[in-house]
Amino acid sequence: MSTRRWLVRAGVALLLIVLPRLIYPILAVDILSWGLFALAFDMVFGYAGLLSFGHAMFWGTSAYITANVLLHTGLPVPVALLLGTVAALVLALPTGYLSIRSAGIYFSMVTLAFAQMIDFIARQADQYTGGDNGLPGIPLRAFGPIHFDNAFHLYYFTLVIAALGYLIAARAVESPFGQALRAIRDNRTRAQSVGYNPRVQMMVAFVISAGLSGLAGGLQAIGHGVVSLDVVHWTTSGIVVMMSLLGGTGTLLGPLVGAALVLLLRDALASSTAATGVVTGAVFAATVLFFRRGVVGTLLELDFRRRRAPAAPSVPAHQPAGPKQAPAAKPEVRVP
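Computed from a prediction, not measured in an experiment: that's the story for all the values here.

### What to know about the packing of helix H1 (residues 3-22) against helix H7 (residues 151-173)
- H7 packs onto H1 with a crossing angle of 155° between their chain directions and a minimal axis gap of 9 Å. The angle between H1 and H7 falls in the class roughly antiparallel. Of the two possible hands of crossing, H1 and H7 adopt the one that is right-handed. Along the contact surface, H1 presents Arg9, Leu16, Ile17, Leu19, Pro20 and Arg21, while H7 presents Phe152, Tyr155, Tyr156, Leu159 and Tyr166.
- Class assignment for the residues of the contact of H1 with H7 results in nine nonpolar, no polar and two charged.

So, in structure tokens, the structure goes:
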């Protein structure tokens, strides 16, 4: 790994450590959880080329399971978070197996259909989801020295868990498995001809993505102490698509940057205008039109072009001594 990449990652890590001192700690928790969610989505979109419109079902299912475990049992927060993540993984097995049998827009529609089914179930099972009222007042018992009623304790707990999720995603996409996903994304037929099994590779990516989405959803439920019905709504899937595209798909840092931009913009506009969605949509449209690779993707492309640009030929200060060339003869001009 290049020194520049290490410096960028170290700078991002330092910024995340001091982030709750710069903005509201709960807003910082939202940036971490949504950033992890966007990174999980980008594993199937940016690396495998699968546009999912149903990732909210993993985010929301984990949030509901985590909340119910904390409401009805005495289990600690990390165990509830783990159970929510496992629930998202279990849900990913049948939905992923049936979804990846389709391609292109058909894959998107199948994932959206599954997400709508989960949304319908959540509305009907109001004894577990609270229906339109959601699940407020989630108890967050202390876990050792961590007191979740302290905003800074909550943030740094979220930071550690999100960092683990980031490391899992980074290890996956930077391994030979990640190279196989890129090959399948670029040319599925050619990747299959060299020995890859596209369905197996995409299924593994889908399950990992669902697990990380569930981890992020559980962190969101813990961060706010409440789960509302919109966690499984189709608009949640749309928001995470926008975050990934805004930050830059196919990059590890892009989804986090996109999540931060959307949430900070929404927070800044919430107190100044009621047309938050209009302004956010305009910013997103401008980014897609003028920065088609997203913020981070565009910066990486510009840096790559700068490093690949041919250097101007240098002229030595002292020319070696040698025979002087005779000046070229002027062409003879005949006057008629």
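### With respect to the packing of helix H4 (residues 77-99) against helix H5 (residues 105-124)
- Running from N to C, H4 and H5 cross one another at 145°; their axes reach a closest spacing of 9 Å. In the crossing of H4 with H5, the sense of the turn from one axis to the other is right-handed. Contacts from Leu91, Thr95, Leu98 and Ser99 in H4 reach Phe107, Val110, Thr111, Phe114 and Ile118 in H5.
- Among the residues forming the contact of H4 with H5, the class breakdown is six nonpolar, three polar and no charged.

### So, the nonpolar core
- Residues Phe58, Tyr64, Tyr155 and Val227 are the most contacted members of the largest nonpolar core, which totals 83 residues.
- Per element, the largest residue contribution to this core is 14 residues, and it comes from helix H2 (residues 25-45).
- If sequence neighbours within four positions are ignored, Tyr64 has contacts with Ala122, Tyr128, Thr129, Leu135, Val227, Ser228, Leu229, Val231 and Val232.

### Considerations on the packing of aromatic side chains
- Counted by the stated rule, this structure contains eight aromatic pairs.
- Ring geometry for Phe37 versus Trp59: centroids 4.5 Å apart, planes at 20°, classification stacked. You can see Phe37 sitting in helix H2 and its partner Trp59 sitting in helix H3 (residues 56-72), a full 22 residues away along the chain.
- Judged by relative accessible area, which is 2%, Trp59 ranks as buried.
- Aromatic side chains Tyr155 and Tyr156 sit 5.1 Å apart centroid to centroid with 80° between the ring planes, which places their arrangement in the edge-to-face category.
- Relative accessible area serves as the criterion here: at 29%, Tyr156 is assigned to the partly exposed category.
- Each residue in the set Trp34, Phe37 and Trp59 is aromatic and connected to the rest through ring pairs, giving one cluster.

### Concerning a nonpolar patch on the surface
- Nonpolar side chains collect at one region of the surface, where Leu14, Leu15, Ile17, Val18 and Leu22 lie side by side and expose about 460 Å² of accessible area between them.
- Tracing the sequence through the fold places Val18 in helix H1.
- Classification of Val18 by relative accessible area gives partly exposed; the value is 33%.

### Quick look at the pattern of salt bridges
- Counted by the stated rule, this structure contains four salt bridges.
- The salt bridge partner of Arg123 is Asp119, with a shortest N-O separation of 3.5 Å. Pair noted here: Arg123 and Asp119 are both in helix H5, with a separation of four residues, about one helical turn.
- Residue Arg123 is classed as partly exposed on the basis of its relative accessible area of 37%.
- Assessed through its relative accessible area of 7%, Asp119 is described here as buried.

### Comments concerning the confidence of the model for the chain
- Residues with a pLDDT of 70 or more make up 90% of the chain, whose mean pLDDT is 85.
- Looking over the chain, one finds the lowest element-wise mean pLDDT in helix H13 (residues 276-290), namely 76, and the highest in H4, namely 95.
- With pLDDT under 50 throughout, residues 321-336 is counted as low confidence; its partners more than four residues away or in other chains account for zero contacts.

Calculation notes
- Residues numbered from 1 in each chain as written.
- Predicted model: local features only at pLDDT ≥ 70, side-chain atom pairs only at ≥ 80, totals over all residues.
- Heavy atoms only, no water.
- Axes fitted to C-alpha atoms, helices over the stretch in contact; angles between N-to-C directions.
- Helix = DSSP H or I, 4+ residues; strand = E, 2+ residues; numbered from the N terminus.
- Parallel < 35°, antiparallel > 145°, perpendicular 65-115°, else oblique.
- Left-handed = near helix turned anticlockwise from the far one by under 90°.
- Contact = heavy atoms within 4.5 Å.
- Nonpolar A, V, L, I, M, F, W, Y, C, P; charged D, E, K, R; others polar.
- Core = buried A, V, L, I, M, F, W, Y, C linked by side-chain atoms within 4.5 Å.
- Buried < 20%, exposed > 50% of the residue type's maximum accessible area, 1.4 Å probe, protein only.
- Phe/Tyr/Trp six-rings, centres within 6.5 Å; stacked < 30°, edge-to-face > 60°.
- Patch = residues over 30% accessible without salt bridge, like charges linked within 9 Å, V, L, I, M, F, W, Y side chains within 5 Å.
- Areas by Shrake-Rupley, 256 points an atom, 1.4 Å probe, with all protein chains shown as cover.
- Salt bridge = Lys/Arg side-chain N within 4 Å of Asp/Glu carboxyl O.
- pLDDT = per-residue confidence, 0-100.

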